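Close look at the chain arrangement
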Amino acid sequence: MDAPTTTSADNGTSGGNGEGGWFTPRRQPEPPVGGEQEPTEGSRLAALRPVGRPATDNGKAAQKRISPVAEADPADAANTEARADTANASPTDAPGETTTPYQPDPQPRLPEQRSAPSHPASPDAVRVRRTMAEVAPIADKVTSYFYALLFVRHPDLRPLFPAAMDTQRDRLLKALLTAAEHIDNTEVLVAYLQNLGRGHRKYGTRPEHYPAVGECLIGSLSRHASAIWDEETEAAWVRTYTTISQIMIDAAAADELLAPAWWHAEVVSHDLRTPDVAVITVRPDQPYPFLAGQYTSLETPWWPRIWRHYSFASAPRSDGLLSFHVKAVPAGWVSNALVHHARPGDIIRLGPPSGSMTVDHTTDSGLLCLGGGTGIAPIKALVEDVAEHGERRPVEVFYGARTDHDLYDIDTMLRLQQIHPWLAVRPIVDQQAHVQLPDAIREYGPWNEFDAYLSGPPGMIRSGVHTLRDIGIPSERIRHDSVEELVAAVN
């Protein structure tokens, strides 16, 4: 259920049978050591059938038997899945470091900037969070058992998921639990889930899939949180999951009236800037509306059902072309395919646009932009967006890199600076200045009248947000689209 978590939406129409995907590429790259993966979606919730309801025995929660086939430790079934990929926490394959998506309507202000509600938690939220705290030390077991139950009980869902499940295993359950944890924070929850629901259309998720996921989620939680599990806890999880899934289903149904589940796009240029960074430009097969600062998910023909997030590297263009900055990482299946194997003429697939790191053109506030590595891509798009609106608001860009060699797009940024007198570009190279990018902004300013934008590795975003708050920029004026930071900031 996380934006990059499941599989592509074949539904039997595009050859997504695990034996070549929706078409056969000209070149088959060798799988890197490690990997990357994604989620599923759906439009009217069927009845949720929980499993694993405990009985009470001498005051203690006793786990009810789940099913004969599952009791042979279904976690073993999950462990037999292909594990060609290891967890890949690459910043270049995360929303701040690469490219973006659709929906030209103004996006809600970053949900990650919102604080949790101050009113007392509801009884359901208390029980849900207590469950999460109980299973946190054994999250791997909970997730493995969840997928084992899902694939044993609902084998028809297995083709929706990537062949290698390591990263997928983490992301889907994390998204479910993240949504459950914020069940009382309506503003954050609805924005988060609507985005997931729209994005999951490309994975082939349908409304009837949601009850199966909920059934197995509750089955796994009840087994591994048996010490605290009771009928009230199960009822709380049923209500919580029903709310979560219905929001996603409704968002997907509404989006289906406005846009396709995915777009095909032809690679028209492939510019290798460094041995591991490429600027890739594609032509969608139909109009693709998006906003500067957003991101999208990409699927390549070499690794069907594996989607990764990349930020758009330009504002919308009159010719309809889209550009992305991609850095190949050791464990990156999609990033390596795009950097080392994609060529003009290849066809990739695009998911819908997403993200709220966009410019508010109703104000004249300055923009303070921090871009690290390929995170400079959406920052460049924001600069172009301001220029196209004919505004003269100050834009200060701090472009961070480890070495001069990593400033692969500095010439482009400096040319923009020459054209626009309101733009200042400051490269910050760690090995020369011995200072981290977020700390460099302390030497400049003041930033009282600026809105801040951050894009780059999760660690940079985390330290950047801390620094910006420390120098007095309020949270509501700090924008980024790091999924990890969304979770951290609302806790």
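The rules behind these values
Residues numbered from 1 in each chain as written. Predicted model: local features only at pLDDT ≥ 70, side-chain atom pairs only at ≥ 80, totals over all residues. Heavy atoms only, no water. Helix = DSSP H or I, 4+ residues; strand = E, 2+ residues; numbered from the N terminus. Buried < 20%, exposed > 50% of the residue type's maximum accessible area, 1.4 Å probe, protein only. Areas by Shrake-Rupley, 256 points an atom, 1.4 Å probe, with all protein chains shown as cover. Pairing = 2+ DSSP bridges. Expected span 1.5 Å × (residues − 1). Contact = heavy atoms within 4.5 Å. pLDDT = per-residue confidence, 0-100. Axes fitted to C-alpha atoms, helices over the stretch in contact; angles between N-to-C directions. Polar contact = N/O pair within 3.5 Å; in protein donor to acceptor, adjacent residues only side chain to side chain. Core = buried A, V, L, I, M, F, W, Y, C linked by side-chain atoms within 4.5 Å. Right-handed = clockwise from strand over helix to strand, strands pointing away. Parallel < 35°, antiparallel > 145°, perpendicular 65-115°, else oblique. Nonpolar A, V, L, I, M, F, W, Y, C, P; charged D, E, K, R; others polar. Phe/Tyr/Trp six-rings, centres within 6.5 Å; stacked < 30°, edge-to-face > 60°. Lys NZ or Arg CZ within 6 Å of the ring centre and 35° of its normal.

1. Brief notes about the overall build of the chain
When helices and strands are tallied, the chain shows 14 helices and 13 strands. By the burial criterion, 59% of the 491 residues in the chain qualify as buried. Accessible surface, the chain as shown: approximately 19,200 Å² in total, 52% of it carbon and sulfur.

2. Overview of the sheet that holds strand S12 (residues 450-455)
As summarised here, the arrangement of the five strands in space is S11-S10-S9-S12-S13, forming an open sheet in which the pairing is parallel. Pairing within the sheet leaves two strands with one partner each, and these edge strands are strand S11 (423-429) and strand S13 (478-479). Across seven bridges, the pairing between strand S10 (residues 395-401) and S11 is parallel. By the bridge assignment for S11, Ala-401 is matched with Val-429.

3. Quick notes on helix H6 (residues 209-224)
Compared with the 22 Å implied by 1.5 Å per residue over 16 residues, the 23 Å span of H6 between its first and last C-alpha is a close match. Most of H6 is tucked away, with 15 of its 16 residues classed as buried.

4. Section: the environment of Glu-266
Within the secondary structure layout, Glu-266 lies in strand S3 (residues 263-274). Spatially, the C-alpha atoms of Glu-266 and Arg-349 are 8.7 Å apart, while their sequence positions differ by 83 residues. When neighbours within four sequence positions are excluded, Glu-266 is seen to be in contact with Thr-281, Val-282, Arg-283, Gly-345, Asp-346 and Ile-347.

5. Observations concerning the confidence of the model for the chain
Of all residues in the chain, 70% have pLDDT values of 70 or greater, and the mean over the chain is 76. Here residues 1-29 is a poorly scored stretch, pLDDT under 50, and it has 114 contacts once near neighbours within four places are set aside; other chains count. Contacts for the low-pLDDT stretch residues 483-491, under 50 throughout, to residues beyond four places or in other chains number 25 contacts.

6. Looking at the sheet that holds strand S5 (residues 295-299)
If you walk across this open sheet you meet the six strands as S6-S5-S8-S3-S4-S7, and the pairing is antiparallel. The sheet terminates laterally at strand S6 (307-311) and strand S7 (322-327), the two strands that pair on one side only. Across the sheet, the mean angle separating the axes of adjacent strands is 40° when strand polarity is ignored.

7. Topic: the environment of Arg-349
Within the fold, Arg-349 resides in strand S8 (residues 347-350). Sequence separation of Arg-349 and His-264 is 85 residues, and the distance between their C-alpha atoms is 4.6 Å. Here Glu-299 takes part through its side chain, which lies 2.6 Å from a polar atom of the side chain of Arg-349.

8. Notes on the environment of Met-357
One can find Met-357 in the loop between S8 and strand S9 (366-372). Residue Met-357 is classed as buried on the basis of its relative accessible area, which comes to 3%. Placed 65 residues apart in sequence, Met-357 and Ala-292 show a C-alpha to C-alpha distance of 8.2 Å.

9. Section: the nonpolar core
If you look at the biggest cluster of nonpolar residues, it comprises 38 residues, and the most contacted ones within it are Phe-146, Leu-150, Leu-193, Leu-217, Leu-221 and Trp-237. Going through the elements one at a time, helix H2 (123-135), helix H3 (139-153), helix H4 (166-181), helix H5 (186-199), H6 and helix H7 (231-256) are the ones with two or more residues in this core. If near-sequence neighbours (up to four positions away) are discounted, Leu-193 is found in contact with Ala-179, Ile-244, Ile-247 and Met-248. The next biggest cluster of nonpolar side chains, apart from the first, holds 27 residues, and it includes Val-282, Tyr-288, Phe-312 and Phe-324.

10. Quick notes on the side chain of Thr-274
Of note, Thr-274 is situated in strand S3. Overall, the relative accessible area of 7% leaves Thr-274 in the buried class. There is a polar contact of 2.8 Å between the side chain of Thr-274 and the side chain of Asp-276. A polar contact of 3.0 Å, which involves the side chain of Thr-274, links it to the backbone nitrogen of Val-277. Excluding anything up to four places from it in sequence, Thr-274 contacts His-405 and Tyr-408.

11. Side note on the pairing of S10
The buried fraction of S10 is high, at seven of seven residues. Residues of S10 alternate between two faces, with Val-395, Val-397, Tyr-399 and Ala-401 on one and Glu-396, Phe-398 and Gly-400 on the opposite face, all of them buried. Crossover connection from S10 via helix H10 (residues 410-419) to parallel S11: handedness right-handed.

12. Concerning the side chain of Glu-396
For Glu-396, the location among the structural elements is in strand S10. Of the polar contacts made by the side chain of Glu-396, one reaches the side chain of Arg-426; its length is 2.3 Å. For Glu-396, the contacting residues outside a window of four places in its chain are Leu-367, Leu-368, Cys-369, Ala-424, Arg-426, Trp-447 and Phe-450.

13. Here's the deal with the packing of H2 against H7
The description of two packed helices rests on the angle between their axes and on the distance between the axes. Relative orientation of the contacting elements H2 and H7 amounts to 105°, with a least axis distance of 9 Å. On the basis of their axis angle, the class for H2 and H7 is roughly perpendicular. Touching Asp-124, Arg-127, Val-128, Thr-131 and Met-132 of H2 are Glu-232, Thr-233, Ala-236, Trp-237, Arg-239 and Thr-240, all from H7. Looking at side-chain class alone, the contact of H2 with H7 contains four nonpolar, three polar and four charged residues.

14. So, unusual backbone geometry
We note that Arg-305 has phi near 70°; this positive angle belongs to a residue other than glycine. Along the chain, Arg-305 falls in the loop between S5 and S6. Arg-305 sits in the buried class, given a relative accessible area of 8%.

15. Looking at the packing of aromatic side chains
Two numbers describe a pair of aromatic rings. These are the distance of the centres and the angle of the planes. In this structure the tally under the stated criterion is 14 aromatic pairs. Arranged with centres 5.4 Å apart and planes meeting at 70°, the rings of Phe-151 and Phe-161 form a pair that is edge-to-face. Of the two residues, Phe-151 sits in helix H3 while Phe-161 sits in the loop between H3 and H4, which places them ten residues apart along the sequence. Note on Phe-151: relative accessible area 11%, which makes it buried. Phe-161 gets classed as buried once you look at its relative accessible area, which sits at 2%. Ring geometry for Tyr-288 against Phe-290: centres 6.3 Å apart, planes inclined by 55°, an arrangement best described as tilted. The exposure class assigned to Phe-290 is buried, which follows from its relative accessible area of 5%. Grouping aromatic residues by their ring pairs yields a cluster made of Trp-263, Tyr-288, Phe-290, Phe-312 and Phe-324. Across the ring face of Phe-151, the terminal group of Arg-158 is positioned such that the distance to the ring centre comes to 4.7 Å.

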